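So you can see what is in the structure, the chains are spelled out below.
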Amino acid sequence: MIIAPSLLAADFTSLGKEAARAERAGADWLHLDIMDGQFVPNISFGPAVVAAVRPHAKKLFFDVHLMCGKPEILLEPFAAAGADEIIVHVELGEKIPQLLWKIRALGKRVGLAINPPTAINEVQPYLDKIDLLLVMTVNPGFGGQTFIHECLPKIQQAAAWRHDRKLSYRVEVDGGINNETVAECARAGADTFVAGTSLFGARSLKGAITKMRKIAYDNDPALADLKV
Ligand code: DX5
Ligand code: ZN
């Protein structure tokens, strides 16, 4: 079980301090949303910012989510900036095999993301080549949006394929995750939870992470099975 606060919802005037705060608060990973103003209608930050933040949270795993139309030109810069995992979007189509290969060749964990309107079947050819499948639960581009419940069957399908094919990729969810929706996602089979607004917006980041982790554990079907 991984709780990954999204830096997009942090105080942009003190990103180093915010990353350090997430580490102290018990986050497992830090999620970094990279937006290029083309793949999504917003711009966030680039490799120089990630490199500047990296020394402030040395132990945190950096989960870099590329919402970019040309990720091929960004893989090396983000790898050098300190990414531990790089996620690209399946909507990029025929570029995907080479992108996944390149991320692996850079020695980074390999992630694949899918947007709410895209059919889950699109990720099928890549399941044995990835470390993480990110099922987007909002349309990417902005923090603070409302969770789209229609995405829950895709989480169930992702977890079912993992079980049936004896694979071990993580199933991550991202967008509108709070103390209610984290429970629904955990029950559907997600194990890695990205949350921006609900964590960085809380009065106590530590308290919010601790509570979200407990709710996810309490709703984890694998743990529920053990209780029978
Ligand atoms: C959305 C980003 C998310 C975002 C989540 O485009 O991919 O990672 O930061 O923010 P919240 O948790 O506020 O929905
Ligand atoms: Zn994200």
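Quick note: structure is the one above.
The shown structure was predicted, so the numbers you read here are calculated from the model rather than taken from an experiment. (Residues numbered from 1 in each chain as written. Chains lettered and ligands numbered in written order. Predicted model: local features only at pLDDT ≥ 70, side-chain atom pairs only at ≥ 80, totals over all residues. Heavy atoms only, no water.)

Q: Help me understand the pairing of strand β8 (residues 192-195) in this model?
A: The side chains of a regular strand alternate, residue by residue, between the two faces of the sheet. Where burial is concerned, the two faces of β8 agree: the one with T192 and V194 and the one with F193 and A195 are both buried. Summarising the sheet, strand β1 (residues 2-5) and β8 pair through four bridges and their orientation is parallel. By the bridge assignment, I2 is partnered in β8 with T192. Here strand β7 (residues 170-174) runs beside β8; their pairing, made up of three bridges, is parallel. (Buried < 20%, exposed > 50% of the residue type's maximum accessible area, 1.4 Å probe, protein only. Helix = DSSP H or I, 4+ residues; strand = E, 2+ residues; numbered from the N terminus. Pairing = 2+ DSSP bridges.)

Q: What is the right way to read helix α8 (residues 205-218) from this model?
A: Residues that lie three or four places apart on an α-helix share one face, since the helix turns once every 3.6 residues. Over its 14 residues, α8 runs 20 Å from end to end, which matches the ideal 20 Å to within 8%, given 1.5 Å per residue. Along α8, the positions that sit buried rather than exposed are L205, A208, I209, M212, I215 and A216. Each buried residue of α8 sits inside an arc of 130° when the element is viewed along its axis, so together they form one side. Across α8 from its buried face, at more than 90 degrees, point the exposed residues K206 and K214. Tucked inside the fold, the buried residues of α8 contact β1, α1 (15-24), α6 (181-188), β8 and α7 (197-200). (Expected span 1.5 Å × (residues − 1). Arc of directions from axis to C-beta. Contact = heavy atoms within 4.5 Å.)

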